[in-house]
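Understanding the architecture of this molecule
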Amino acid sequence: MLDPKDITAVILAGGQGLRMQGADKGLLPLWGRPLVSHVLERLAPQVGRVLINANRNLDHYRALATVIPDDGYHFAGPLAGFEAGLTHAPSEWVLFVPCDSPLVPADLAARLCAAVHRHDQIAVVDDGTQLHAATALIHQSLLPSLCNYLDGGDRKLQLWYEHHQLVPVDFSDQAEAFYNLNTPEALVALEGRGKA
C-alpha cells in the first residue's frame, strides 16, 4: 500500500474567491486563524510534505509553507493548482485539498492512499451525497494529460476526470469534514458552531 508519508499534499489557495467578493479565501479568518492554517495543521501530520498553491499575498503564505503559484495557467481554477502541484511536488503522488475545507479528517491521506492501486487511478472523496472533486490523490504521470486538457482551453475538473479512472473513496462517516466554505454566510455559520 502507498505510504501517506511518501506523498505531498498541496493546499489549493490560488483561486480568485469570486463567491467571497474577491477575497483571498485561504487568508479569511476562522476561529482566530486563517483558513489555510487549519488545513495545514490537519494535513501536516499525515503526509511527507505540504505545499501551498497561491497566486496572491504570497508572503503571508510563505510564512506557513513553501508556495507554488500557478505557472502556465494562471487563475484557471483547481486544475491550475493541480498542474502546479504535479509539476513541483517532490513525490510521485500528490494529495490536493482546497483551502476552504478546514475540517479535513485526520485519516484523509491514509484512506485515499489505500484506494489507489495503479498510477492511472485518481482517488476522490465521496461524502455519501456528492464527490468533492478538488480533494483528490493524483499521480504525476497524469501531468501530460492535464496539460493537454488545459492547453485545449477547457477548465472543468469533472470533464478532465472523465478521461481517467476515478476511485470514489467513501467518507460518508465523516461527511461534515468536507463542509465547503464557498460563501461569506457559510463561513459565519461555521464560526458560530465553534471549533471541532
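Everything quoted here is computed from the prediction, not taken from an experiment.

Further remarks concern the environment of Gly-72. Residue position: Gly-72 is located in the loop between strand S5 (66-67) and helix H3 (78-88). Residue class for Gly-72 comes out exposed when judged on its relative accessible area of 60%.

Let's shift gears to the sheet that holds strand S8 (residues 131-139). The strand order across the open sheet built from 7 strands is S5-S4-S1-S6-S8-S7-S9, with neighbouring strands paired in mixed fashion. In the strand order of this sheet, the two ends are held by S5 and strand S9 (165-170), each with one partner. Bridge analysis of strand S6 (residues 93-98) against S8 gives 4 bridges, and the strand direction is antiparallel. Bridging across to S8, Phe-96 finds its partner in Ala-136. Most of the contacts of helix H1 (residues 35-43) go to strand S1 (residues 8-13), to which it runs at about 170 degrees, and overall it touches S1, strand S4 (49-54) and S6.

Right, let's talk about the side chain of Thr-8 for a bit. One can find Thr-8 in strand S1. With relative accessibility at 1%, the residue Thr-8 sits in the buried group. For Thr-8, the side chain forms a polar contact with the side chain of Ser-91, separated by 2.7 Å. Each residue touching Thr-8, except ones within four places of it in the same chain, is listed here: Arg-49, Leu-51, Ala-89, Pro-90, Ser-91, Trp-93, Val-94 and Leu-95.

On to the environment of Ile-7. Structurally, Ile-7 is set in the segment before S1. Linking Ile-7 and Pro-90, residues 83 residues apart in sequence, is a C-alpha distance of 8.3 Å. Once you skip the residues sitting within four places of it in the chain, Ile-7 turns out to touch Leu-2, Val-47, Gly-48, Arg-49, Ser-91, Trp-93, Leu-95, Ala-109, Cys-113 and Leu-137.

Aromatic rings in a pair are described by how distant their centres are and how their planes are angled relative to each other. Under the counting rule described, the total for this entry stands at 3 aromatic pairs. Relative to Phe-96, the ring of Phe-82 lies with its centre 4.4 Å away and its plane at 35 degrees, an arrangement referred to as tilted. Taken together, the positions of Phe-82 in helix H3 and Phe-96 in strand S6 put the pair 14 residues apart, joining distant regions of the chain. The residues Phe-82 and Phe-96 share a single accessibility class, namely buried. Centre to centre, the rings of Trp-160 and Tyr-161 are 5.9 Å apart; their planes meet at 40 degrees, and the pair counts as tilted. You can call Trp-160 buried: its relative accessible area is 0%.

Procedures and definitions
- Residues numbered from 1 in each chain as written.
- Predicted model: local features only at pLDDT ≥ 70, side-chain atom pairs only at ≥ 80, totals over all residues.
- Heavy atoms only, no water.
- Helix = DSSP H or I, 4+ residues; strand = E, 2+ residues; numbered from the N terminus.
- Buried < 20%, exposed > 50% of the residue type's maximum accessible area, 1.4 Å probe, protein only.
- Pairing = 2+ DSSP bridges.
- Contact = heavy atoms within 4.5 Å.
- Axes fitted to C-alpha atoms, helices over the stretch in contact; angles between N-to-C directions.
- Polar contact = N/O pair within 3.5 Å; in protein donor to acceptor, adjacent residues only side chain to side chain.
- Phe/Tyr/Trp six-rings, centres within 6.5 Å; stacked < 30°, edge-to-face > 60°.

Bear in mind that shape data such as this cannot, by itself, settle questions of function.
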